[in-house]
Amino acid sequence: MSQSPRPFRFGVSLLTVGSRSSWHARVREAADLGYDVLQVADHLGTAAPFPALVSAADVTRMRLGTFVLNAGIASPAYLARDVADVHRLTDGRLELGLGAGYVPAEFEAVGLPFGTGGERLSKLAETLAATRALLAAEADAPRPPILLGGAGDRMLRFAGREADIFSFSIMAGVTANMAPEDALARRVEILREGAGERFSEIELNLFVAAVAGSPATADLAVVRRASGFPDDRLTQLPGVLIGSPREIADRLERYREQFGITYISVLEPHMAAFAEVIKLLGRP
């Protein structure tokens, strides 16, 4: 008998904190709209992830995730300390998202070399292994699920061995001379090869950078900065959802069947628009 597909989960990444009361109001709004996970990124100029998540835990029962921490500038000793206490202060609701880092200015700000992609991935692997060991040595051995994100082949193979959740970045739909969904399918297969028998245990997440009713109304600023591509190419990417709520819901149902993607994360500016899609995907 074939297994039933995983149920959908939905995350939203809030970008700034503001005052305590305004932050709590936005967290409650996300919960009321049907989101399962509140996520905070790790970029200079945006919200500090750990304080924001601990504060959010006071007003919601959503799960709480870093999406994603820059492991390239993290110390395992300090990271493990912070993760352990955030895990405790959120009643075990933390999802620890880690990435290799991709913004040179953030490395420069802390006085570290940006390095090559391979060097940054090696630093991520070292940081994750050391952090896990330090957490395992704690009396309560906190073990939040590990989310790894990216699109590169080496990252996919590494995540196949180590991740509980993998997030396909906006660039997962980009490969030369390949249609965007074919590029995504290729990356799913690389993750599968890296995971082997444990592939079914990995939850697949899609990062969605834009949601709109038509290409003309799509806010593509984030995708444009990340890729440098023209808009007509950007609107074809799996992480750009264009169409009516019903059309987008049908597309995500197809992604679940075709790719196994069941966890969708959107940016805060698209939170309300995507909530109309959530209503159509079997949510109360």
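Remember, predicted model here, so these are calculated numbers, not experimental data. (Residues numbered from 1 in each chain as written. Predicted model: local features only at pLDDT ≥ 70, side-chain atom pairs only at ≥ 80, totals over all residues. Heavy atoms only, no water.)

1. Some details on the layout of surface pockets
No. 1: Here the largest pocket is characterised by a volume of approximately 1300 Å³.
No. 2: For the lining of the largest pocket, the secondary structure elements donating two or more residues are strand S4 (69–70), helix H5 (117–136), strand S6 (146–150), helix H6 (153–162) and helix H8 (221–227).
No. 3: Of the residues that constitute the lining of the largest pocket, the class distribution is 21 nonpolar, 13 polar and six charged.
No. 4: The calculated volume of the second largest pocket comes to roughly 480 Å³.
No. 5: If you trace the second largest pocket, you find 19 residues lining it, with Pro5, Arg6, Phe199, Arg256 and Gly260 closest to the centre.
No. 6: Sorting the residues of the lining of the second largest pocket by element identifies helix H7 (180–195) and helix H10 (245–259) as the ones contributing at least two each.
No. 7: Counting residues per element, the lining of the second largest pocket draws most heavily on H10, which supplies five residues.
No. 8: Class assignment of the residues belonging to the lining of the second largest pocket gives a composition of seven nonpolar, six polar and six charged. (1 Å grid on protein atoms, 1.4 Å probe; cavity = no way out; pocket = protein on both sides within 12 Å on 5 of 7 lines; lining within 4 Å. Points joined across faces, edges and corners; volume = space filled by probe spheres on them. Helix = DSSP H or I, 4+ residues; strand = E, 2+ residues; numbered from the N terminus. Nonpolar A, V, L, I, M, F, W, Y, C, P; charged D, E, K, R; others polar.)

2. With respect to the pairing of S6
No. 1: S6 sits mainly inside the fold: five of its five residues count as buried.
No. 2: What you see with S6 is no split at all: Ile146, Leu148 and Gly150 on one side and Leu147 and Gly149 on the other are buried throughout.
No. 3: Here strand S5 (residues 94–99) pairs with S6 via three bridges, running parallel. Opposite Gly97, over in S6, you have Leu147 as the bridge partner.
No. 4: Viewed along the sheet, the connection from S6 through H6 into strand S7 (residues 165–168) turns out right-handed. (Buried < 20%, exposed > 50% of the residue type's maximum accessible area, 1.4 Å probe, protein only. Pairing = 2+ DSSP bridges. Right-handed = clockwise from strand over helix to strand, strands pointing away.)

3. Details of a nonpolar patch on the surface
No. 1: A surface patch of nonpolar side chains, about 220 Å² in accessible area, is lined by Ile73, Val110 and Leu112.
No. 2: Relative to the helices and strands, Val110 is located in the loop between helix H4 (104–109) and H5.
No. 3: Overall, the relative accessible area of 45% leaves Val110 in the partly exposed class. (Patch = residues over 30% accessible without salt bridge, like charges linked within 9 Å, V, L, I, M, F, W, Y side chains within 5 Å. Areas by Shrake-Rupley, 256 points an atom, 1.4 Å probe, with all protein chains shown as cover. Salt bridge = Lys/Arg side-chain N within 4 Å of Asp/Glu carboxyl O.)

4. Quick look at the nonpolar core
Across soluble globular proteins, nonpolar side chains have a tendency to be buried as a group.
No. 1: Phe168, Leu252 and Phe274 are the most contacted members of the largest nonpolar core, which totals 70 residues.
No. 2: Formed by 20 residues, the second largest nonpolar core is a distinct cluster that contains Ala212, Leu220, Ile242 and Leu267. (Core = buried A, V, L, I, M, F, W, Y, C linked by side-chain atoms within 4.5 Å.)

5. Some points on unusual backbone geometry
No. 1: In the segment running from Phe67 into Val68, the intervening peptide bond is cis, with an omega of -5°.
No. 2: The phi torsion at Asp91 lies on the positive side, around 60°, for a residue other than glycine.
No. 3: Mapped onto the secondary structure, Asp91 falls in the loop between helix H3 (76–89) and S5.
No. 4: On the basis of relative accessible area, Asp91 is assigned to the exposed category, the value being 55%.

6. Describing H7
No. 1: With 16 residues, H7 extends 23 Å between its outermost C-alpha atoms, agreeing within 8% with the 22 Å of an ideal straight helix rising 1.5 Å per residue.
No. 2: Of all the residues in H7, the buried ones are Ala183, Leu184, Arg187, Val188, Ile190, Leu191 and Ala195. Mapping the buried residues of H7 onto a view down its axis gives an arc of 160°, with all of them on the same face.
No. 3: Next to the buried residues of H7 lie H6, S7, strand S8 (203–208), H10 and strand S11 (261–267).
No. 4: A positive phi of about 60° marks Gly196, the residue just after H7. (Expected span 1.5 Å × (residues − 1). Arc of directions from axis to C-beta. Contact = heavy atoms within 4.5 Å.)

7. Focus: the side chain of Ser55
No. 1: The residue Ser55 is located in helix H2 (residues 49–57) in this model.
No. 2: A relative accessible area of 18% places Ser55 in the buried class.
No. 3: In this structure the side chain of Ser55 is engaged in a polar contact, spanning 2.9 Å, whose partner is the side chain of His24.
No. 4: When neighbours within four sequence positions are excluded, Ser55 is seen to be in contact with Trp23 and His24. (Polar contact = N/O pair within 3.5 Å; in protein donor to acceptor, adjacent residues only side chain to side chain.)

8. Structural notes on the packing of H7 against H10
Helix-helix packing: each pair is described by the crossing angle between the helix axes and the interaxial distance.
No. 1: Viewed as axis vectors pointing N to C, H7 and H10 meet at an angle of 40°, and their least axial separation amounts to 11 Å. Overall, the two elements H7 and H10 adopt an arrangement that is oblique. Pair H7 / H10 crosses with right-handed handedness. Between H7 and H10, the residues in contact are Glu181, Leu184, Ala185 and Val188 and Arg251, Arg254, Tyr255, Gln258 and Phe259, respectively.
No. 2: A per-class count over the contact of H7 with H10 returns five nonpolar, one polar and three charged. (Axes fitted to C-alpha atoms, helices over the stretch in contact; angles between N-to-C directions. Parallel < 35°, antiparallel > 145°, perpendicular 65-115°, else oblique. Left-handed = near helix turned anticlockwise from the far one by under 90°.)

9. A few points about the pattern of salt bridges
No. 1: For the coordinates displayed, the defined rule picks out 18 salt bridges.
No. 2: A salt bridge links Arg81 to Asp82; its shortest N-O distance comes to 3.0 Å.
No. 3: Residue classification places Arg81 among the partly exposed residues on the basis of a relative accessible area of 47%.
No. 4: In this structure Asp82 comes out as partly exposed when scored by relative accessible area, which is 27%.
No. 5: We note a salt bridge from Glu162 to Arg132, for which the minimum N-O separation is 2.6 Å. Of this pair, Glu162 sits in helix H6 while Arg132 sits in helix H5, placing them 30 residues apart in sequence.
No. 6: For Arg132, a relative accessible area of 24% translates into the label partly exposed.
No. 7: Linked by salt bridges that have partners in common, Arg9, Arg63, Glu95 and Glu203 make up one network.

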